[in-house]
Amino acid sequence: MTSAEGVLRLNDRGDFTVPSASLYPFQWLWDAAFIALGWSTIDPARAWDELDSVVRGQWDDGMMPHVVYHHPSALYFPDPDIWDVGRTPPTSGITQPPVLTSVVLALARAGTSDPATLERARRLWPALLACHHWFHTARADPSTGLVASFHPWETGMDNSPPWDGPLARVPVGELAPYERKDTVAVAAEQRPTTKEYDAYVAIVMHMRSVAYDQRVLLERAPFAVADVGTNAILARADADLVELARLLDVDTAAAEAWAASSRQSLQELWDGASGCFCSRDLRTGTALGPATGASFLPLWSSVISSSQADALCHHLARWESAAGALVPSTDPFSPAYDTSRYWRGPVWLNVNWMVAEGLRATGNDGLAGRVADHSGRLVTHSGMREYFDPASGAGLGAADFGWTAALARYWLEMD
Ligand code: GLC
């Protein structure tokens, strides 16, 4: 079994880290943030390099793309030609949850005594500011302020059951033949279905046909959801941007306005009847169930009430007894629950870390400890896998997975 540090070194490509050498051979946005935390335990300068590299993909309008294709590889679909964004380095045309700011703040705070650390954070400041501006302008739903995700890949939880309904309404039409590469590296039962992939590709083709024009997409993207994960992560990132501005001694006004807005709009996704946060379909206005791992990310947001946090803890305790391990990526009481298929049931370490941090911050140390214990057991038993079966503890998806290794070191202090 490769150690956590061994996995980071194995996946290191000089100044960026691939999530998995066999399945994801480029740099991914939220992966880079988690992976930087891992590097910070080995070599802090290398952690900042990771962040600088992912920011090299940023678009002129401020969007941070979810994949940066720093080098060619035949191991992955879709390749840069499919996105056709006309940029160097080539990138995808969509984003991912904005964890980056919170990681920059964590790294900056950890090294405040070192002037080099603050200098590295200062260099990233303009990119972070532009990214938050982009979310709050290009992606803000005018009536609620909630930010929109136009592709399941943007939520980072590709085949999560709440996307089933909106995805089924995407007109797929005639697609040019394409070849998936993911099912070569991983068993098809652990990955999204062919039907889902067709819809994923159809959305990309639609976005490309309108030249990724965010105004057009806000009005008529075929898939448009207010993802509770993205909105919770943004609320936390906005609050962290204010803190970072204070640390760097720059103007906090813009960040404060964004933080007030995201804090308020997150409440739109609260469902008092079930005591849970749920995503919303922005085309139909309907709530999108079932609850998922993302429903607990408002704990990480740092902006919910203590009674909301209590309600989430109640659900987590129920889920723990039903699933065997925390945090299953889908409500284990839902018919959609599947212990081995990607985001439809398996446990993911990045979600566990954010949920555990949120639990600690809201004073729920016991439950935070249990999430850490489950995570530690899964990694000890099955290694640095991409995700884990909550019932059997079996490792699933890619082996030697970047953020699992990074968080095993940074959070679980394992090697
Ligand atoms: C998958 C995951 C996504 C992750 C990417 C690279 O697409 O769903 O969250 O960023 O792989 O690891």
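Summarised in this report is the structure supplied together with it. Predicted model only: the values in this text are computed from it and were never measured. (Residues numbered from 1 in each chain as written. Predicted model: local features only at pLDDT ≥ 70, side-chain atom pairs only at ≥ 80, totals over all residues. Heavy atoms only, no water.)

## A look at the side chain of Glu 154
Counting through the fold element by element, Glu 154 comes out in the loop between helix 6 (115-138) and helix 7 (164-168). Take Glu 154: its relative accessible area is 1%, and that puts it in the buried class. Residues within four places of Glu 154 in sequence aside, it is in contact with Ile 94, Thr 95, Gln 96, Pro 97, Arg 139, Ala 148, Ser 149 and Thr 230. (Helix = DSSP H or I, 4+ residues; strand = E, 2+ residues; numbered from the N terminus. Buried < 20%, exposed > 50% of the residue type's maximum accessible area, 1.4 Å probe, protein only. Contact = heavy atoms within 4.5 Å.)

## Digging into helix 17 (residues 402-410)
With 8 of 9 residues buried, helix 17 is to be regarded as a mostly interior element. Among the residues of helix 17, Gly 402, Trp 403, Thr 404, Ala 405, Ala 406, Leu 407, Ala 408 and Arg 409 are the ones counted as buried. Close packing links the buried residues of helix 17 with helix 1 (4-11), helix 2 (29-40), helix 15 (349-361), helix 16 (365-382) and strand 8 (387-388).

## Considerations on the packing of aromatic side chains
Aromatic rings considered in pairs are described by the distance between their centres and by the relative angle of their planes. Applying the stated rule across the entire model yields 30 aromatic pairs. Ring geometry for Tyr 24 versus Phe 401: centroids 6.2 Å apart, planes at 70 degrees, classification edge-to-face. Of the two residues, Tyr 24 is situated in the loop between helix 1 and strand 1 (27-28) and Phe 401 in the loop between strand 9 (395-396) and helix 17; the sequence distance between them amounts to 377 residues. Accessibility expressed as a relative area gives 8% for Tyr 24, which makes it buried. By relative accessible area, Phe 401 is classed as buried at 2%. When the ring centre of Tyr 342 is taken as reference, the NZ or CZ atom of Arg 191 above it lies at 4.5 Å. The aromatic ring of Trp 300 is capped on one face by Arg 236, whose charged end is 3.8 Å from the ring centroid. (Phe/Tyr/Trp six-rings, centres within 6.5 Å; stacked < 30°, edge-to-face > 60°. Lys NZ or Arg CZ within 6 Å of the ring centre and 35° of its normal.)

## A word on the pattern of salt bridges
Counted by the stated rule, this structure contains 25 salt bridges. Across the pair Arg 344 and Asp 164 runs a salt bridge whose closest N-O atoms are separated by 2.8 Å. With Arg 344 in the loop between helix 14 (306-323) and helix 15 and Asp 164 in helix 7, this pair connects stretches of sequence that are 180 residues apart. The class of Arg 344 is buried, set by a relative accessible area of 12%. A residue is classified by how much of its surface remains accessible, and Asp 164, at 32% relative accessible area, is partly exposed. Residue Arg 180 pairs with Asp 182 through a salt bridge whose shortest N-O separation is 2.7 Å. Summarising the burial analysis for this pair, Arg 180 and Asp 182 share the class buried. (Salt bridge = Lys/Arg side-chain N within 4 Å of Asp/Glu carboxyl O.)

## Looking at the site of the ligand
As a structural note, the neighbourhood of the ligand is formed by Pro 19, Tyr 24, Trp 28, Trp 30, Asp 31, Gln 96, Gly 156, Asp 158, Tyr 342, Trp 343, Phe 401 and Trp 403. In the environment of the ligand, an oxygen atom lies 3.4 Å from a nitrogen or oxygen atom belonging to the side chain of Tyr 24. Within the side chain of Asp 158, a nitrogen or oxygen atom sits 2.6 Å from an oxygen atom of the ligand. Summarising the interface, the protein chains cover 96% of the accessible area of the ligand, which totals 310 Å² for the free molecule. (Near = heavy atom within 4 Å. Polar contact = N/O pair within 3.5 Å; in protein donor to acceptor, adjacent residues only side chain to side chain. Areas by Shrake-Rupley, 256 points an atom, 1.4 Å probe, with all protein chains shown as cover.)

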